[in-house]
Every structure is written in structure tokens, then in C-alpha cells.
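# Inside the fold
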4 protein chains.
Amino acid sequence: MKGNEALAEAAIRAGCKCFFGYPITPQTELSEYLSKQMPKRGGVFLQAESEVAAINMVLGAGGTGTRVMTSSSSPGISLKSEGISYIAGSDVPCLIVNVERGGPGLGSIQPSQQDYWQATKGLGHGDFRLIILAPNSVQEVVNLVVRAFDLAEKYRMPVMLLSDGLLGQMMEPVEFPEISAKTADNSGWAACGTKMQREHHIVNSLYIEANDLEAQVKKRYERYAVIEENESDAETYLCDDADIVITAFGACSRIAKSAVNKARAEGIKAGLFRPVTLWPFPKKQLLAATKNAKAVLSVEMNMGQMIDDVKLALDCRIPVEFTGRTGGVIPSPNEVLAKLREMNGGAQ
Amino acid sequence: MKGNEALAEAAIRAGCKCFFGYPITPQTELSEYLSKQMPKRGGVFLQAESEVAAINMVLGAGGTGTRVMTSSSSPGISLKSEGISYIAGSDVPCLIVNVERGGPGLGSIQPSQQDYWQATKGLGHGDFRLIILAPNSVQEVVNLVVRAFDLAEKYRMPVMLLSDGLLGQMMEPVEFPEISAKTADNSGWAACGTKMQREHHIVNSLYIEANDLEAQVKKRYERYAVIEENESDAETYLCDDADIVITAFGACSRIAKSAVNKARAEGIKAGLFRPVTLWPFPKKQLLAATKNAKAVLSVEMNMGQMIDDVKLALDCRIPVEFTGRTGGVIPSPNEVLAKLREMNGGAQ
Amino acid sequence: MKGNEALAEAAIRAGCKCFFGYPITPQTELSEYLSKQMPKRGGVFLQAESEVAAINMVLGAGGTGTRVMTSSSSPGISLKSEGISYIAGSDVPCLIVNVERGGPGLGSIQPSQQDYWQATKGLGHGDFRLIILAPNSVQEVVNLVVRAFDLAEKYRMPVMLLSDGLLGQMMEPVEFPEISAKTADNSGWAACGTKMQREHHIVNSLYIEANDLEAQVKKRYERYAVIEENESDAETYLCDDADIVITAFGACSRIAKSAVNKARAEGIKAGLFRPVTLWPFPKKQLLAATKNAKAVLSVEMNMGQMIDDVKLALDCRIPVEFTGRTGGVIPSPNEVLAKLREMNGGAQ
Amino acid sequence: MKGNEALAEAAIRAGCKCFFGYPITPQTELSEYLSKQMPKRGGVFLQAESEVAAINMVLGAGGTGTRVMTSSSSPGISLKSEGISYIAGSDVPCLIVNVERGGPGLGSIQPSQQDYWQATKGLGHGDFRLIILAPNSVQEVVNLVVRAFDLAEKYRMPVMLLSDGLLGQMMEPVEFPEISAKTADNSGWAACGTKMQREHHIVNSLYIEANDLEAQVKKRYERYAVIEENESDAETYLCDDADIVITAFGACSRIAKSAVNKARAEGIKAGLFRPVTLWPFPKKQLLAATKNAKAVLSVEMNMGQMIDDVKLALDCRIPVEFTGRTGGVIPSPNEVLAKLREMNGGAQ
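Residues numbered from 1 in each chain as written. Chains lettered and ligands numbered in written order. Predicted model: local features only at pLDDT ≥ 70, side-chain atom pairs only at ≥ 80, totals over all residues. Heavy atoms only, no water.

### Things to note about the interface of chain D and chain C
Note the following rule: Any two residues having at least one pair of non-hydrogen atoms within 4.5 Å are treated as being in contact. Here the buried area means the combined drop in accessible surface, using a 1.4 Å probe, for two parts upon being joined, counting both sides. Salt bridges are counted wherever a side-chain nitrogen of Lys or Arg sits within 4 Å of a carboxyl oxygen of Asp or Glu.
Taken together, the contact pairs 55 residues of chain D with 55 residues of chain C. Buried surface at the junction of chain D and chain C, summed over both partners, amounts to about 4800 Å²; 62% is from carbon and sulfur atoms. By the criterion of area lost to chain C, the three top residues of chain D are P104(D), H125(D) and D127(D), representing 14% of everything that side buries. Taken together, chain D and chain C are joined by two salt bridges. Put simply, R325(C) and E214(D) hold a salt bridge, and the shortest N to O gap is 2.7 Å.

### Topic: the packing of aromatic side chains
The following threshold applies: Any Phe, Tyr or Trp ring, taking Trp's six-membered ring, that has another such ring centre within 6.5 Å forms a pair; planes under 30 degrees apart are called stacked, those over 60 apart edge-to-face, and the others tilted. Cation placement over rings: the criterion is NZ of Lys or CZ of Arg within 6 Å of the ring centroid and within 35° of the ring normal.
A complete count under the given rule lists 16 aromatic pairs over all chains for this structure. Over the ring of F176(C) we find R13(C); its NZ or CZ atom is 4.3 Å from the centre of that ring.

### With respect to the packing of helix 3 (residues 51-62) of chain B against helix 5 (residues 81-89) of chain B
All names here are of chain B. Note the threshold: Helix axes are fitted to C-alpha atoms over the stretch in contact, other axes to C-alpha atoms as well, and angles between N-to-C directions run from 0 to 180 degrees. In this text, helices come from DSSP runs of H or I with a minimum length of four residues, and strands from runs of E with a minimum of two, each type numbered from the N-terminal end. Here the angle decides the label: under 35 degrees means roughly parallel, over 145 means roughly antiparallel, 65 to 115 means roughly perpendicular, and every other value means oblique. By definition, turning the near helix anticlockwise from the far helix through less than a right angle yields a left-handed crossing, and turning it clockwise yields a right-handed one.
It is at 8 Å that the axes of helix 3 and helix 5 come closest, and there the two elements cross at 10°. Classified by the angle their axes make, helix 3 and helix 5 are roughly parallel. Every pair of crossing elements has a handedness; the one defined by helix 3 and helix 5 is right-handed. Contact residues: helix 3 offers I55, N56, V58 and L59, while helix 5 offers G83, I84, Y86 and I87.

### Brief notes about the sheet that holds strand 4 (residues 94-100) of chain B
Residues and elements named next belong to chain B. Put simply, the test is: If DSSP finds at least two bridges between two strands, the strands pair.
As summarised here, the arrangement of the seven strands in space is 2-1-3-4-6-5-10, forming an open sheet in which the pairing is mixed. Both outer strands of the open sheet, strand 2 (44-47) and strand 10 (277-279), are each paired with one neighbouring strand and no more. Adjacent strand axes in the sheet meet at a mean angle of 20° when their direction is disregarded. In this sheet, strand 6 (residues 158-164) lies alongside strand 4 in parallel orientation, the contact comprising seven bridges. Bridging across to strand 6, E100 finds its partner in D164.

### Points about the sheet that holds strand 7 (residues 234-237) of chain C
Residues and elements named next belong to chain C. Taken together, the five strands give an open sheet; going across it, the order is 7-9-8-11-12, and neighbouring strands pair in mixed fashion. Looking at strand neighbours, the two that pair on one side only are strand 7 and strand 12 (320-324), the edges of this open sheet. For this sheet, the mean angle separating the axes of adjacent strands, direction not counted, is 20°. By the bridge criterion, four bridges tie strand 8 (residues 244-247) to strand 9 (residues 270-275) in an arrangement that is parallel. Residue pairing for strand 9: T247 is matched across the bridge by F273. Sheet strands in contact with helix 10 (residues 251-265) are strand 7, strand 8, strand 9 and strand 11 (295-300), and its direction is about 165° off that of strand 9.

Below you can see the structure in the form of C-alpha cells.
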């Protein structure tokens, strides 16, 4: 199954009832799949008039407590950033998928990881966070979609699944776990009809008084602290004795893994640390994985964005270097290996 | 003169010929002033159908080599983020003003600095930067507007002036420097008419081939490196012997300065480091200003955003703490002083 | 039941599966009712981003052979006129409701019949017609909604139900007839999925060759001729011996009927001719109803629009006068009576 | 000079200061010409985000008393119909050009006269009129543009110049008359700035009270009566002794004239009556021109629309027949001649 299609199928199985989107390459298969399946399986598929319309529909439908999602690719996510800030400021759960492509601007339609900063720090105005999940296989896409909906409802916030053109197009065997599709009980806050038996629920991001707004933001940051404590996730590979630990996420981590294997074959003690959650960034896990390392290499399909979070997580304790390609170019294992060799020379 | 009006007047004097915007509090006086003055002084004022329309008009007009600007406040800037990415990807100079207000979402209309991350890292998809200028007085607003246009043309990129509701509404005496309004010679790249005497100039952000796009991005990052080398700017106050250096920008730095004075009166050796350019972040200057410091305190009108850049600039050499208010609440000098006292106790 | 609500209920019973609209007074109860009922009864209610979006959704959904409707009030119908022309040019059946209010422009929100010309002659560019049905009671609203859907599918064209604020707000007892909701078999033309077993159906209004377009228009006018022959409908009241026949439609005809009764009480031989179909205009019926009349009086809630069709139907054989009110003012029976007296004096 | 370009040049000479439009075939040359010339000659050319945006800009700019215009082709005019109703309801002068093409829907891009009804009766909701001018040569395009602006300001209403693809593309020599470009004094009503020396002028179409709205509409219809009395215009050709008078307007009248000449050569006493103003329809002139005629033939590039106005003007006194082509097909003189022969046989 293609990554994009597996993602769509997983969303339906996870109880997603509404999809609002606007067509853009390379996420097309995802919405195409949903356009066919949603009506047959009790859901709504709606191709909106624009990216802006789509994200506001997510806000509206999500505000009723329904499991809801949208998907787009980089330029479309930018257009959605006002709406995403509104969703975060309204404490509305939803799933947002970004199948990244090369930028900035219209850019290219090849895979990229150039939206790391936008996703983890700047997805709209105001203080807020999204949980950012970064799968690196079609099977993990499926698993993380389910987790995304659960986390969104658990913490009443938007969750982004950060995919890319490579993962979206990749075909791999996939198994759909028994999914309960049991959504949380949203009846305590959702605007789902009073039946004249309770006060209206207000789902809103407007606060006339700055003190009220500050109080809301602080309450939200208390939840963020819980998330940072409990929900960070990462995978490690050969890190225990590694001199050099590569940090890489998403599709790019597969290339990094090949490079690690090649390096090991040459006697270079390399390892791989793969954040599964980009926010919360898995600091504790990284500290543990690098306890014996002399250096870290951040491999990204951009000009170097995650490297800042790596440095901050490590408190700048050991050197962190960067290698990567951008604009839709995928780095090769050999390019990464070359950088490892260079660092290994320097590190010994 | 009010900060917003001084900004507008400075833009006209700096040779800005086109303004495209959409009304939003608290930047209203700015566009109101331009709506009256632009037509009388040979310029164009256009209230567009939406924030999205406005930023795309900036792309179009800026692409002809004309000095052009837009302004908005936080939610409007989010809506503009796709267009900003296109402008950056098309190497088009322009001035974008963000008179920040409380967020996320609709938020409040009180002053805020919650868009620091968005401005410095996530203003749209793809690898790119804006030069971000952060004045802290009406006079500096005027000076930086002129510099903003010059930098935009010098490096062919969007420049953002990051103001806030406090600075926008503040009334202070202001002097307009002799401004040459001499715009750069844009005839080498701008789409300003071939007169049938040269090839068409293409102003565009689309690259079908990922390698071509990567080459463009890398060329742009070479310019970014030059900017980081030459254009960073900061102001220091009593830093030489300071045990604790406060970092603060914009309106918030004025509160921090009061706190420094109060602290000094109590014998606490505090100083103030104020970045004028948020990107490029003034790393060298900060290193120099903190060479004797034992700790740094980042004071921000948000939940702590610039603090990451401070830590990275310092290579995590000394502890960096945070205090701030959010959602439109302005911290008081005494709140900052209290934090200084606490840190001073801890630092000795 | 209110007229607007009865209309909505009738539409659901008639098998309408999709409603796309945008809120505007005085049609609000209609969409409000559908927003609650549609999801419960297997239909789709969608509040679109704009009137323009809504009518294009009608084109899209109607093109699949689904029973589909929209409703609006005067300004919204103007915005929809491009889409209505596309629907007519694509031979797509649908129901469009116009709950007229006072115009032009923003106008008033009181009842009006000022859109007669627009409905019968100018609802968009190009040669085309809509069947226009004009009920004058809540019960007839119900009956005509069912007929509207049937006619739309029988002739593959848009049908408009021309209501007004008076009829929309009026409460009357209503009986819902046994409705089969048996939609026509649209599988011969609708774009409802080929299942890989037939050629694609094209639902479109574009013809590059003028000759092809002309052929389409002429074919459509052949159908229009059949409709004019078979589908015109009118109600008469005391016309047989009438000296003066009033022509009036919709809510206005009820006032005219009161005036006829008052006139008869005074010995003035007045009658009422009420077109139920405004297009096709019931010419034959009007000729029959006026065979003994000396004059006709067109009573309208506008400045005199249907009067032209009355004159043309009569081939200008007898004088046709006009009385009416506009801008949302409802004429009183006494005003009409006064005009009848004046004409009666003149006619004898 | 091409008709479209001559139209544009005449508009500038007539003092038009603002053009707002959106590109559509076959009116492209018109806006292209203005895009180049307006900025050089002290005017504003603005390509708006949509047809709807463009017409609302016309309302805004026209409301300041500035000479302003827009142009489009059939589908675009439909989209503008809400705005046109607002302009009429706000008593704002402006020029609207419709370079008609084949419809309905997307239709064809060949010349057509299918928007006669829309232009003269249904250009939006509510009771209102536009003055409709229909030139039949490039020179007359120029002359009528000047007249259009003058009439618009004299009567404070929108004026439409109804052209078509044939006239727009036609090249003919043209002379620009000495044009004073003296606009009317609009200071008595326009929203052009109070300078704190008078009450605000309100330019608006909203009336909460139906009686107020009716009063406005009636006042407007008093002006319409003056226009019908004084501004109707027509050209006659060989009508004095004609048995059959052709009625035809715009480009189509040139074909009709050829047919008249051919008919006369055969001894058929044909003449041509060409309305220059479609509203007000030149009734008196038509009555005079047909005083000796036995029949009238309406020749149109549509399915028969003006024929109703011809019948009504003649009070159905003599038979009125129709011939024409539609969908972008231009009738040939021989087709018209054939119909004349047939009628001549029947009339004798």
C-alpha cells in the first residue's frame, strides 16, 4: 500500500468522520482515497474552496467533538497557519497531515523536510504547540495516525503528522492493527447541541481581557509540560557504544540508517537516534543515547533546522554537525557516510 | 507622533510607492495614515479583499522593482505566510510590518511578542529567512523603516519590522532624518518591462527540477551568511561589569531597562542586551556583552521564545533563565526586578 | 408551519439529498431547518463559504444526478447568477429558492417581488430559461417543491421557486402529501461513476465551436417549447364575467383576492388571474380568463415587471394597467380596490 | 484601431481615472491597453482578485465621485450583477462594458448578443435600470464612451456599453473628438472627504424601513422617466417607405443593413431601425419609423430577446417576426434576406 493511502485508510479505521481539504501534490492519493471511501463508510469528504476554507471547516467540525482531519503539502500548510492557530487557541482536537515538498514558494514537488521549523515552532501566531509525529515507514504511518487522534483528544489540541513526498509515494506491506476507534468523551466541552439540557459550550479563541487570555495560555502550557514529560518518543539504533550519533527523522532516517551500517562496516562506531515525536522533542532519550558519544550529526532534508533542537537538548555538551540536501533532493547514504568519515577523523 | 503613524510617514519618505493591506487592530493608524497620504504623494494605497490578496499584491508590485510594503497584526501575518514564502522564494524585496497582538487565534488586541518564533523561524514553508528588525522607540521605528527598505533591496529579500501594540500606540517626539529615498537599481532583475530591448526577467519561485531549486536555496543561504556576518545589530546598557545580563527586544526592553536601573540602585550588577536585529541574531555582540556575566535573563512578552536563540548564541556556556508575561499582558519593571533579585541570590 | 420550514420539509420528503447555501434574511428558517434535519435523514447540509461557492456546489452535486437545492434571497441570487447560467448550460436539474426581499442593493429585508424580471429573463448571461414557480400559500409551497424537483429532472434544467419574505414567515396548516421521492433515472447522463463499464459522461457548458454551442442552445429551446406547451399553470377566480381581471402572483395575489371580494361587494365585476408558473407564462389560460374583460390590472410588489408579459400574452388587445408598491412595502386590499374603482369608472 | 482599444483610449480621454477588472476573453485588449496607459496618464489600473472584487471596487471608487469603469464579458457580468444592483441602489455613476460572448455558462468565446435581456431587465435583483448603449462601429464606440460617462454623472447611475466580440476585434479608422473630460461636479453627494467642513455624505443602498426604500426607488424612477423622455436614441435607414422594417442593434445591425441593401436591389422595400440606446428603448422613434410598415423583423444574435421590446413599443400593432443565430454564430446577410423575401411574400 502507498503511504498516502495507508494513512487515509488508518484515519477511517481510527474513527475519523470528516475530511476537509484542497488538492495539492504530493498528497493527492490521500484525499483521492478518502473521496472514494468516506461516503461509503459513513464519513464526510469535502473538497473545499481553498486551503483557508478547509482548515476553518476543521475548526468548526472539530469543535463539535467529531474526529476530523485535513491534509495538505507545504504551501497549503502555510495558508492554513492562521486557522491552525485558531484551532490551538480554541483547544480543538484534530489531525493535520503535511506531506512536505520542496520550498520556499511554489518550489518543487519532490520530498523535503523544510517545514521542520514551521511545524515545531511557527505554525501560526501566538504561543502554542502542536504535537508533531514523524513516521519513517508505511506501517508507522498507520500506527501514528491512530496515536495522533488519541493524543489530539487526550490533550484537546491539534496534532500534525509530518510526512513527505517520499513516504507518501512509498509502497510497503502494512498491517492494520485492531483499532477500537473509540473516541474520547468530548461531551464535556464540545459544541454538539445542548438539547436544552445544559449551558452552551463555547469553543472560541477570543479573550477581550489580556489577563484571561494569559490564564488560558498558561493552562495550556501546563498541559504542554505534561506532554513533554510523557509523550516524547524516539527510536535508537546502535547508539550504546557509538562515537558519532546521527539524528534524523522521517524518510531521511532510513538513509541515515544505511549510512550507519556502511560506517560500522568500515569500523566507524556510528549510531542512529530517530525522534518519532518532533515536539515534544525527545530530550531525555537523546541524552541517554549520546552518553558515550563524542559528536552528533544532524542529517536533514533541509538547510539545517532540527539541529537547533538537538543542540538545546544536549545543552551544547558535545559538537553537533550538519549534513543535508534541500529543495527536494534526497541525500544518499554515501554522502552521509562521507560526512561520518570526516567527523570520525576529527573525533579520534 | 504615534508609532504607527511615524512608521507610515517614514515609509513614504523612504520612497515606498505601494501599500497593500487589510484592516486589523492594532495596526489601524498605520494604514489609515497611508490611505490619506499615499494618493497625495504619488503612491498607491490599496485595501485588498483579504490578507492573502494583499501579500500577493506585494509579490506582484515588488517584482517590478517598486518599493512596496504591507502591514498587519498577528492573525493577518499567519494568513500571509504562504505569500511571504513565495516572496522569499522569488527574491523580491519588500517591507512587512507586524504590529503584534496577543494570541493564539483571535486572541486579544493587547501588545505581545508571541510571534518571535514565527518571525524568525517559521514564516511559511521551506528554507528561508527574513531580516527581522525590532525597534523600541518611535524614533527607532523611523530609522529602521528606512534601513529595512535598503536592506530588502540590497539582499533582494523580504524584511519584517516587528512592532507591537505598545509601540504602535506610543506617542513620542520624532525627527525624520534627511532620507534620500534612493532606491537600488533593480533594473537588472525586476519585471519592469523589456521595452523590447532585453530578455524577459522571470520573477518566480517554481523549480521543476529539485537540483535547480536546491541551487537557488544554497545561493540564497550564501547571501544569508553575508547578512549574518555584516548586518546584525544590538544595543547594550551597563553590560561591561554585569553579573546578570537581561536580553530583551522591542517595547519589552524599555521595561527591562527600568528594572536594570532599579537593580543597580539596589547594588545588583545588572545590564541589558537588546537585539535590534532578531534575525540575524547578534551572536557576536551577545558574546561580548556577557563575557563577565554569570547568568542571562531573557525577558519576553510571551512564554519564552527568544531564549532558545540566546542559549544557542552563548553555546549554553552560562545559565539562561526566563521571565515574561503573555496574552497581551505587559510585565512590570518590578516583576523583572524580583526575578533579578532571585537570580542574584542564586548567582552569588 | 412557517412557509420556509414547510418548504424545507417538503424538499427532504421529495428526496433532496444535498443543500448548499449561505445565510441571508429572510430565508434563514429554511436553511436552519435543513441544517438540523438533513444529517438525521441521510442528507447533506453544507453552509458554503459564499453564495458563489454554494451555487457551484449545486452544479457539482447536481451533475451526479443527485436531487440538490440551494436557497437565498435577492442579493444572494444575483451572486449566484453566473452559476445558474452554468447549470442551465450544463443541463443539470436542481431547485433554487429565492425568498425575495426589497432591493436594489442591500435594500430592505421586507417582502418583495422585485426579482420577477431577473427570474424570468435575466438570471445570468446567455439564452436560457428557468422554470419559475410562484406559490401563494404554505400548502402550495409544499406542493410546488415536489413538482419543482420532478420538472427539473424531467427537463434537465434548474427550476426556481420564487417565494418572498411574506410567504416565508407566514404560518399556515399544511399537509404533506404521500410523496414517492422517486427521482428520475439520471444514469443516462449523470457523472456518477463509470465503474469502468461505460464512457465518461461529460457535464459541461463549454463549446469551443460556435456551431456546436448553437446546436445545444437550439436543442434546449425545443425542450423549452414543449414546456411552454405543457407545463404552464394558473388559477382563476371569478374571471368568467369579469370586466376587470387582476393579474397577480405569489403572496400579492392574496391581497388582490381580498380586493376582488371587496370590489364584487360594491358591484364591480372584478376577477383574479394568478399565474402559478411565471415561466412558462400561462398565455392560453390568460387569454381564456380575459375573453370577456375590458381591462387588466397587474398588481405587483415592485414597480411593474410582470405587466410586460401580461401585455405580450394578450397581444396588447385590451388595456393593461398597473398598481403596486415596492421596496418591501405590501400593498393593501384597499389600495388595489381604489385602483379598481378608478378603472371601473374609466371602463364603463 | 481595434474596437476594444479605441474604447479604452476614449475612456481615458473622457477623464476615466480608475479601471478595475478581471481578465476574460474577448475583452482582453481593452484591459491590456488600460494596464499600459493608465499609469502613464494619471490613472489607476487594477486587476482585481475576481469579478466580484472588481465591481465592488467600482462601487467604492465611484462613490468618491471619480470617473470609474470596469469591463468584462458575459460570465463575468453575471458575477458582477450583485455589485451592479448595489451601485444602482447607491446612485453611483460608472461605466460597465460587456463585450458579449456566446452563452449560457462557459459557452463559446465568439460574438453574441445573448445578454440583451440581462442588460435591459435583469442585471441584478430589485427594481432598477441601467442606461444601455449599443454602438455598431469603432467610431461610435468612441463617441458612446464619452456620452456614457456624461449620462452616468448626469443621472447618477451605472451605464453599460454593450459591445460584442465582433465589435471588440474589428479594426476601423477612428477619430477622437475634442473631449473636454469635464466631469460633473459630484461634490454635492460624493464621499470625497468632509475636510471637517460639512456633514458626512452617505453612499449606501441599505434602508431598514421599507417606506424609506420605496421612496428612494420612486425618486429613482422619476429620473428614469426623464431619461426615457430625453435620452433615447436610434438610427434609421430607408424606413420612410419601408414595408418591412428590420430592428437590429450593435454589430448585427451592419449585417442587417447589407440585407436591406440586397433586398432593395430586389425591389423589396426594406428598411433598418437601429436602437442606439437599448434602455431607454427608442419607442417614439420606432413608432415614427414604422408608420408605413406592414411588418417588422427583429434580427438578433440570440434566440429572440429584443423582439419583446419591439412588440411592446409598437403596442403589437403590426406583426413582428424574428430571425437570428445564437451561441456565437453570426447571421449572414443572405440569411436575413431570405427571411425578408419570405415575409415580403407573406405581407403582399
